[in-house]
Amino acid sequence: MHNYAMTTAMFDPEIYAKRRAALLNRMQRGIAIFPAAAEVVRNGDAHYAYRFDSNLYYLSGFTEPETVLVLVAGQEDNSAPRTILFCREKNPEREIWDGHRFGPDAAREQFGFDAAYPIAQLDEKLIELMGNQPVLFHPLGASADWDARLIRLRAAVREKSRSGLRAPDEIHDVRRLLNEMRLFKDEHELNIVRRAAAISTAAHERAMRFTRAGQFEYQVEAELLHEFCRHGARDPAYTSIVAGGANACTLHYVGNDARLKDGDLLLIDAGCEFAGYASDITRTYPVNGKFSAAQKDVYEIVLTAQAAAISRASPGHHWNAPHEAALRVLAQGFIDLKLCHGTVDGVLESGSYKQFYMHRTGHWLGMDVHDVGDYKIAEDWRALQPGMVLTVEPGCYIRPADNVPLALWNIGIRIEDDVVITAQGNEVLTDAAPKTVAAIEEVMRHE
Ligand code: GLY
Ligand code: MN
Ligand code: MN
């Protein structure tokens, strides 16, 4: 079993212990239960690569499947276990086949839980632990199986009411508390995100240098994956989009099996996951290394929109400010290109720009590529604050249509960077991936 936390120098159990303590503090009372992600069969005896549950990892650093973390709040008495891990037992025979398992004793010692038990004892112990707790916290709805199991266990506690045990009266979605913690990245997390971003930046540059007309999209994808993997990022954070020509106008194109044509653009949206954290970069560049006049016109508009958005990704602005800034630049650009008509305000109000720009300008980024965290507080867009990490990714997708000048048909462009909000403004983690017309043409100039 690959375990980032234990096989890298980055593992420090204190980091995770502090997060558990912070969540316990937010809970104030009750019991929280975090199950591991399920192992998923791909076909036959083959499994998809195991990906741990982000919440469980955030609170433990523990990456084995068949694990449950339990936190019990409201017990100030230090003798009472407040953080309890259930995990697989040591099993010398299974370990010959599947590799190392910590087992409860080593897990408790090395990861710093108050107690650890074999996963087989989960139901029996949970009935005890839930007893007399007023609130049950859980990622509600994340797994129908777990929802049903916890309701069953709560009923089992109720059965014991004659022996004086009370079942939790309330069930809360623990993500209300935890997402808010995950939204603000600590220095440890920011260093990992920076590393993920740097690896993906190198991968995009590698792809640019490699690209030639006549190659297949998957050959460029292979260069990206090679660069990710050789730096220890074994998996992409999401399925890479390598979209030549018209394929770029399909937003989630992942076929990646067409031949690249001279004169077309290539849109690549790809980012690695490193030590559990995602990066997410998009670059769009000419297959032959030189932008045509029409491609350049559209590209410069998207690039200007991105710069406007990034300039508003800072404290003092709210979540939607970068999107609004990008939209104004795009709307003016679409008018200049005769894709839209009228005034900027008119285009924004009518929504006519949506024919060419139909997604938002970013999302939170973290352990999940579309990371957790609310975008509004009550009715208002939330203020951007230091420690938040987001993407800035405007685009323009021009499908053939009667109202579109022929020279622009099938041009699809997106430019996406990863941005940390800092006290002074922001830090763009992925700036080094070539992005101006001049920088791209320079990198792609082949001997
Ligand atoms: N690659 C997913 C996204 O850009 O949102
Ligand atoms: Mn994105
Ligand atoms: Mn992306």
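Structure: see above.
Since we're looking at a predicted model, the values are computed, not measured.

A.B. asks: So what exactly am I meant to see when it comes to the overall build of the protein here?
C.D. replies: For the protein, the helix and strand inventory stands at 14 helices and 21 strands. Here the C-alpha atoms of the protein give a radius of gyration of 25 Å, agreeing with the 22 Å that 2.2 N^0.38 yields for 447 residues. Counting only residues that meet the buried cut, the protein has 52% of its 447 residues in that class. Nonlocal contacts in the protein, meaning residues at least 24 apart in sequence, comprise 71% of its contacts between residues at least 6 apart. For the protein, the accessible surface area stands at approximately 20000 Å², while carbon and sulfur atoms represent 50% of it.

A.B. asks: Please explain the coordination of the manganese ion (ligand 2) as it appears in this structure.
C.D. replies: In ideal tetrahedral geometry, four donors around a metal make angles of 109.5 degrees, whereas ideal octahedral geometry with six donors gives angles of 90 or 180 degrees. Distances from the manganese ion (ligand 2) to its protein donors, Asp-280 (OD), His-363 (NE2), Glu-393 (OE) and Glu-416 (OE), fall at 2.0 to 2.2 Å. What the six donor atoms of the manganese ion (ligand 2) show is an angle range of 50 to 155 degrees at the metal, which sorts the shape as irregular. Within one chain, the residues donating to the manganese ion (ligand 2) are spaced in sequence as D-x82-H-x29-E-x22-E. Here the manganese ion (ligand 2) and the manganese ion (ligand 3) are spaced 3.3 Å apart, linked through Asp-280, which binds each one. Placement of the pair is Asp-280 in the loop between strand 13 (277-278) and strand 14 (281-286) and Glu-393 in the loop between strand 17 (389-392) and strand 18 (395-398), with a sequence separation of 113 residues. This pair shows no difference in class: Asp-280 is buried, exactly as Glu-393 is.

A.B. asks: Would you take a moment to explain the pairing of strand 7 (residues 135-138) for this structure?
C.D. replies: Looking along a regular strand, one sees the side chains alternate between the two faces of the sheet. Where burial is concerned, the two faces of strand 7 agree: the one with Val-135 and Phe-137 and the one with Leu-136 and His-138 are both buried. Bridging between strand 1 (residues 30-35) and strand 7 involves two bridges; their strand directions are parallel. Opposite Ile-31, over in strand 7, you have Leu-136 as the bridge partner. Two elements, strand 7 and strand 8 (residues 170-173), share four bridges in a ladder whose sense is parallel.

A.B. asks: What exactly am I supposed to notice about the packing of aromatic side chains here?
C.D. replies: How two aromatic rings sit relative to each other is set out by the distance from centre to centre and by the angle between their planes. The final tally for this structure, using the stated rule, is 15 aromatic pairs. When the centroid spacing of 5.6 Å and the interplanar angle of 70 degrees are considered together, the rings of Phe-334 and Phe-356 count as edge-to-face. Linking Phe-334 in helix 12 (residues 321-336) with Phe-356 in the loop between helix 13 (344-350) and strand 15 (376-377), this pair joins segments that are 22 residues apart in sequence. Both residues of the pair, Phe-334 and Phe-356, count as buried. Through successive ring pairs, a cluster of aromatic residues spans Phe-11, Tyr-16, Phe-52, Tyr-57, Phe-62, Phe-102, Phe-111 and Phe-113. Just above the ring of Phe-274 sits the side chain of Arg-195; from NZ or CZ to the centre is 5.9 Å.

A.B. asks: Looking at this structure, I do not really get helix 5 (residues 103-111). What am I missing?
C.D. replies: Helical periodicity: at 3.6 residues per turn, an α-helix aligns residues three or four positions apart in one direction. Buried within helix 5 are the following residues: Gly-103, Pro-104, Ala-107 and Phe-111. Along helix 5, the residues classed as buried sweep out an arc of 130 degrees about the axis, all on the same side. Looking at helix 5, the residues exposed on the side facing more than 90 degrees away from the buried face are Asp-105 and Glu-109. Of the residues one or two after helix 5, Gly-112 is the one with positive phi, at around 80 degrees.

A.B. asks: Would you take a moment to explain the packing of helix 2 (residues 13-27) against helix 8 (residues 175-183) for this structure?
C.D. replies: For any two helices packed against each other, one specifies the inter-axial angle together with the distance between the axes. Where helix 2 meets helix 8, the axes come as close as 10 Å, and the angle between the chain directions of the two elements is 140 degrees. With respect to helix 8, the element helix 2 is oriented oblique. By crossing handedness, the relation of helix 2 to helix 8 is classed as right-handed. Facing helix 2, whose interface residues are Arg-19, Ala-22, Leu-23, Arg-26 and Met-27, helix 8 presents Leu-177, Leu-178, Glu-180 and Met-181. Residues belonging to the contact of helix 2 with helix 8 are distributed by class as follows: six nonpolar, no polar and three charged.

A.B. asks: Please explain the coordination of the manganese ion (ligand 3) as it appears in this structure.
C.D. replies: Distances from the manganese ion (ligand 3) to its protein donors, Asp-269 (OD), Asp-269 (OD), Asp-280 (OD) and Glu-416 (OE), fall at 2.0 to 2.4 Å. Geometry at the manganese ion (ligand 3) is irregular, judged from its six donor atoms and the angles of 57 to 169 degrees they form at the metal. Linear spacing of the donor residues for the manganese ion (ligand 3) on their chain is D-x10-D-x135-E.

What counts, and at which threshold
- Residues numbered from 1 in each chain as written.
- Chains lettered and ligands numbered in written order.
- Predicted model: local features only at pLDDT ≥ 70, side-chain atom pairs only at ≥ 80, totals over all residues.
- Heavy atoms only, no water.
- Helix = DSSP H or I, 4+ residues; strand = E, 2+ residues; numbered from the N terminus.
- Rg over C-alpha atoms; globule rule 2.2 N^0.38 Å.
- Buried < 20%, exposed > 50% of the residue type's maximum accessible area, 1.4 Å probe, protein only.
- Contact = heavy atoms within 4.5 Å.
- Areas by Shrake-Rupley, 256 points an atom, 1.4 Å probe, with all protein chains shown as cover.
- Donors = N, O, S within 2.8 Å, 3.2 Å for Na, K, Ca; no water.
- Tetrahedral: all angles 85-135°; square planar, octahedral: opposite > 155°, others 65-115°.
- Pairing = 2+ DSSP bridges.
- Phe/Tyr/Trp six-rings, centres within 6.5 Å; stacked < 30°, edge-to-face > 60°.
- Lys NZ or Arg CZ within 6 Å of the ring centre and 35° of its normal.
- Arc of directions from axis to C-beta.
- Axes fitted to C-alpha atoms, helices over the stretch in contact; angles between N-to-C directions.
- Parallel < 35°, antiparallel > 145°, perpendicular 65-115°, else oblique.
- Left-handed = near helix turned anticlockwise from the far one by under 90°.
- Nonpolar A, V, L, I, M, F, W, Y, C, P; charged D, E, K, R; others polar.

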